[in-house]
Structure formats: C-alpha cells, structure tokens
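One letter stands for each residue in the lines below.
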Amino acid sequence: MLSFLNNLRYLGLAIGLLLLGLVPAGTAAESLFPIVSNGPVAARYNIVVLAEGYTAAQQTRFLTDATNVVNTLFAREPWQEYEAGFNAFALSVVSAQSGSDHPAYSLSKDTYFNSTYDNADRIITIPSGPSGQGKVDALLSTHLPEWDLAILLVNDLVPGGSDGSARTAIASVSGIADILPHEIGHVAAGLGDEYTTPNPGFPDVEEPNTTRQTTRDKIKWKAWIADTTPLPTPATTDYQDRIGLFEGAHYHETGWYRPKLNCTMQSQYTPEFCEVCREALVLALYERVRPILAATPAETELAVTNADPLYFSVITLEPATHPLSIQWLLNGSPIEGAVAPQFSLNPATLPSGQHAVSALVADPTAFVRNDPAGLLHQTNTWLLNMDLPVKPELTLSQVQYLPNNSFAFSIAGTAPQAAIESSIDLRHWTELGILPLVNGEARYTNANSPNTQPTFFRARAIP
Ligand SMILES: [Zn+2]
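Residues numbered from 1 in each chain as written. Predicted model: local features only at pLDDT ≥ 70, side-chain atom pairs only at ≥ 80, totals over all residues.

Engineer: Give me the domain arrangement of the chain: which residues, what numbers.
Structural biologist: Looking at the chain, the domain boundaries give domain 1 (2-189), domain 2 (216-273), domain 3 (290-386) and domain 4 (394-462). On the domain 2 side, the residues contacting the seven residues of domain 1 number seven residues. Across the side of domain 1 that touches domain 2, the residue classes break down as two nonpolar, two polar and three charged. (Domains from an automatic or database assignment. Contact = placed C-beta atoms within 7 Å. Nonpolar A, V, L, I, M, F, W, Y, C, P; charged D, E, K, R; others polar.)

Here it is in structure tokens:
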C-alpha cells in the first residue's frame, strides 16, 4: 500500500520536474510542486516543505528530499490514519550556496533563509525578522496563502532542527526521520518537550502533554489513565505501555510529569507519539479540517414549492481505516436507519411551516478521548420553508329543485374549474361535465331525466 502511494507521489514529482523545465528560469527558482493532493486547499491541512541551502543545481534533489519528508510523516501515526485530511507541497527556493552556517566551526554559507546551527551544532534557527521567517511568510502568502504548516528543510548532513516559529518546523535533511516529527509535534499541536534536560529561562507553562498536577481526577489526560495504574507511575518496563503520570518532563527531573514512559516528544528516537500527543495532533488537524468536507445542496435554506422528493448528501473526511459516522435528523430527532451519506425526504409528509433536516457527522476514532471543543463532530443543517400550493377546495350549495325533475346547485372555491361527477353507490363516479369557475363560482343544472334512483353528486377541483 505504502509503496503504491510512494509511486504515485514520484509520478507527481516527475510531472513537477517537467513543468520546471518549461517555465522561465527566473520564476522556476520559486515554484510550488504538489507532492500529495487529497482535495481543495481550502478544505485540507496544507503542509509546505521549503528548500533552504539548496543551490539551483540541487533543486531536483530537493524535490526528492521533500518527497521523503512527506512519506516519512505519512508512515507515522496519526498522520498515516489521517492522510486524507492533508495536502503536501514542495516549494523550491534557490540558495547561492549549499548547506547552513556552523558557528562552532566558523563556517558561514550564503543561503536564502539565513539559517544557522547553534554553538553546539545541533539546533538550527533562522532570523525571526525579514531576513528569515519573514521570507517564509512572504513566499507562502504568495504561493499558498492557505498554508497551515511550513517545514524548512535544511540541506545539511549534520542532524539538527528546531520548532522555529508558531507555524514553521525546521530540520536538516539528515533529521527527517527523527528530529522533524518531534519538531512538528511542537509546531502543529503545541506539544511540550517530555525530556528533563534543563532549559533555563523557558517558561514553566504546561502543554497538552506536560503537567505538575498529581491529583488523579484533575490530570488533563485522565481519560487515558486506567484505575489500576499507580500515580505517579513507576518508570519501569511493567508500565511502559500504559498512560500514567511519569515523573520528569518540561526540562525538569522532578515536579513535572509526562503521560508515557516513551514518546517522540520525550526522545526524537522513539518512533511513536504517546496516546496523549497523538490525540493532540488529531485535534490540531480537526481545528483546520472539518469532518464534513462538502454538503449538497450547498444552500442551507430552501424554499420547498412542490412535492418532489428532496435529496441531501454529505461527503466526509475518510481516515485510512475507519469511516466517520453519519446520522440524519428531522427537526432535531434522529431518523432511524438514516445513516448513509445520502438522504431523501418527501415534502408531502411534512406539515406546512419551517422544518430542519440535519446531518450529524462524528469521528469515532480511538485516537481521541478528550474533545472538549467538539472538534470531531459537525452538523450541517438545511432549513426547509414549506410553501406547497394549497389544494383547491370546493364547496357545494344546497340543491335547488326545479320543474320536470330538474335541479341545480352552486359550486364555490378557488379552483379554476370543476369536474361534476355523479354516483349511485358513492364508490363508482361518472363525470358529467367540466365547468369553469367565474369569480370562484359555477352553477350546475342537471338534464331533465326520469331517473328515480338516488343519485349523489360531487365537484372535483381541476387545476
Ligand atoms: Zn507524548
């Protein structure tokens, strides 16, 4: 499955390279190439990988490296399960020189975003102003204003990276598999570091996956903690698969706790996020991508003027291994068995007035147990203003008896014309003629007939 997807991505890449050869050299320097396309950018979480320290001659390799970035992410949970919610792009940008600055070795390179390692040759940053992050923001607002996450891919073989700004993760090409997922955890979901290495001056503010709280009922990830798990939780292999309260997190050996013994946010070399971090990443996706991707009709208020059936449908996000649940409601009440993406309604079954048809879509994923904002639910409601034509009603007057067995009666009503019918048994009716109503009235007089059977008459409205 994965290799098939990979092939598809390389196909996209090949097309991208072809385009690169067709556009003028001056603009080819900054070009956006789709790597994974799952839907319109307005309705997906859009990741853009930007080239830093790649020369003009290295742009082809950048596209390969960017594809590797995307493949690495989508091979890992929760991105694997939710890949359908993402688009991914590569933004090729040309640097004058290859690599990045290494002040520890007095090495300086002329690169587009002016990236540099720190003195420990481990953390890579770019200037926060116009010569660094400002260039990221400007490029993206030009090429993809709908961007959600930027990944600055630094063409350097020394492993390094950082969580950059609020929406930009930075990693060297040698840190794609380990450093980058950890940094994206910071940037995409506001996750904290679960390790204990001191970080003097860093604010003691709790993140979704770090806490000082030790009272079971008040721990933010209590939904994940089994009653049998001791708190704090011993840091032994007996508990390595459990969610608990493990001491040591947020740059502190004591007094701060993390949810699991091992997690990508505890060590970048742990290939899996813990359940609490994974949950935060799914919620971050749903802040941007809604469970209902499209709904038909597009209008949410409908005037119903005839009795033709009404058709409604929703297109939902499709995680890799589980469907979203759908329930249709009429005036807020669930309709039994109406759980398919399509729903139809016969307006003739509804009394006049306003009615509401709703589709309630929810993601029942096991990845999320805490959703206080209700991000995994969405309701699309259509208001139906019933304006069905009123059925013409006719009334008959008292019979007036005339000489020679004749009689007459009047018909009054709103119909343009009336069919006069007679019956001797009230079951079988015979049409006698059609009369136009003038000013809402018509008068019927029977033919002179010697019929002695009791006869019934009625007038049927004709549009
Ligand atoms: Zn974690």
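Engineer: Please give an account of the sheet that holds strand β23 (residues 430-436) that cites residues and values.
Structural biologist: With antiparallel pairing, the three strands of this open sheet are ordered in space as β23-β22-β25. Of all strands in the sheet, those with a lone pairing partner are β23 and β25 (456-462), marking the two edges. Sheet twist, expressed as the mean angle between neighbouring strand axes with direction ignored, is 25 degrees. Pairing between strand β22 (residues 417-423) and β23: six bridges, direction antiparallel. Its bridge partner lying in β23, Ala419 is registered against Ile434. (Pairing = 2+ DSSP bridges. Helix = DSSP H or I, 4+ residues; strand = E, 2+ residues; numbered from the N terminus. Axes fitted to C-alpha atoms, helices over the stretch in contact; angles between N-to-C directions.)

Engineer: Can you explain the environment of Glu77? Please cite residues and give values.
Structural biologist: Here Glu77 lies in the loop between α3 (59-73) and β3 (86-92). Once the C-alpha coordinates of Glu77 and Arg278 are considered, the two residues, 201 residues apart in sequence, prove to be 7.2 Å apart. Look past the residues within four positions of Glu77 in its chain and what remains in contact with it is Glu272, Phe273 and Arg278.

Engineer: I'd like a description of the sheet that holds strand β14 (residues 325-330), backed by residues and values.
Structural biologist: Spatially, the five strands line up as an open sheet ordered β12-β18-β17-β14-β15, and their pairing is mixed. The sheet terminates laterally at β12 (301-304) and β15 (333-334), the two strands that pair on one side only. Where strand β17 (residues 353-362) and strand β18 (residues 377-386) come together, ten bridges link them in antiparallel fashion. Note that in β18 the partner of Ala359 across the bridge is Asn380.

Engineer: Can you lay out the pairing of β22 for me, pointing to particular residues and giving the numbers?
Structural biologist: Connecting β22 to the next strand, β23, in antiparallel fashion are six residues, including Leu426 with a positive phi near 65 degrees. Relative to β25, β22 is paired through seven bridges, and the arrangement is antiparallel. The residue bridging Ser423 from the neighbouring strand is Phe456, located in β25.

Engineer: Outline the pairing of strand β6 (residues 149-154), supporting the account with residue identities and numerical values.
Structural biologist: A large share of β6 lies buried, amounting to six of its six residues. Of the two faces of β6, the one holding Leu149, Ile151 and Leu153 and the one holding Ala150, Leu152 and Val154 are both buried throughout. Taken together, the six bridges between strand β2 (residues 45-52) and β6 define a ladder with parallel strand orientation. Residue pairing in the sheet places Val49 in a bridge with Ile151 of β6. Note: β6 against strand β8 (residues 168-172), five bridges, orientation parallel. Note on β8: the bridge partner recorded for Val154 is Ser172. (Buried ≥ 20, exposed ≤ 12 C-beta atoms within 10 Å, placed from the backbone.)

Engineer: Can you tell me about the nonpolar core, naming the residues and giving the values?
Structural biologist: One finds Val49, Leu50, Ile151, Leu152 and Leu153 to be the most contacted residues of the largest nonpolar core, which totals 83 residues. For this core, the leading source of residues is helix α6 (residues 275-288), giving nine residues. In contact with Leu152, not counting residues within four places along its chain, are Leu50, Glu52, Phe113, Ile126, Val136, Gly164, Thr168 and Ile170. In this structure, Ile411, Ala415, Ala442 and Ala459 belong to the second largest nonpolar core, which totals seven residues. (Core = buried A, V, L, I, M, F, W, Y, C linked by C-beta atoms within 7 Å.)

Engineer: Describe the confidence of the model for the chain, and please don't skip the residues or the numbers.
Structural biologist: Mean pLDDT over the chain stands at 90; residues scoring 70 or higher make up 92%. Contacts for the low-pLDDT stretch residues 1-28, under 50 throughout, to residues beyond four places or in other chains number 21 contacts. (pLDDT = per-residue confidence, 0-100.)

Engineer: Any details on helix α5 (residues 179-189)? Residues and values, ideally.
Structural biologist: Of all eleven residues making up α5, ten are buried, and the element is well covered by its neighbours. When α5 is considered as a whole, its buried residues turn out to be Ile179, Leu180, Pro181, His182, Glu183, Ile184, Gly185, Val187, Ala188 and Ala189. For α5, the secondary structure elements touched by its buried residues are α3, β6, β7 (161-162), β8 and α6. A positive phi of about 65 degrees marks Gly190, the residue just after α5.

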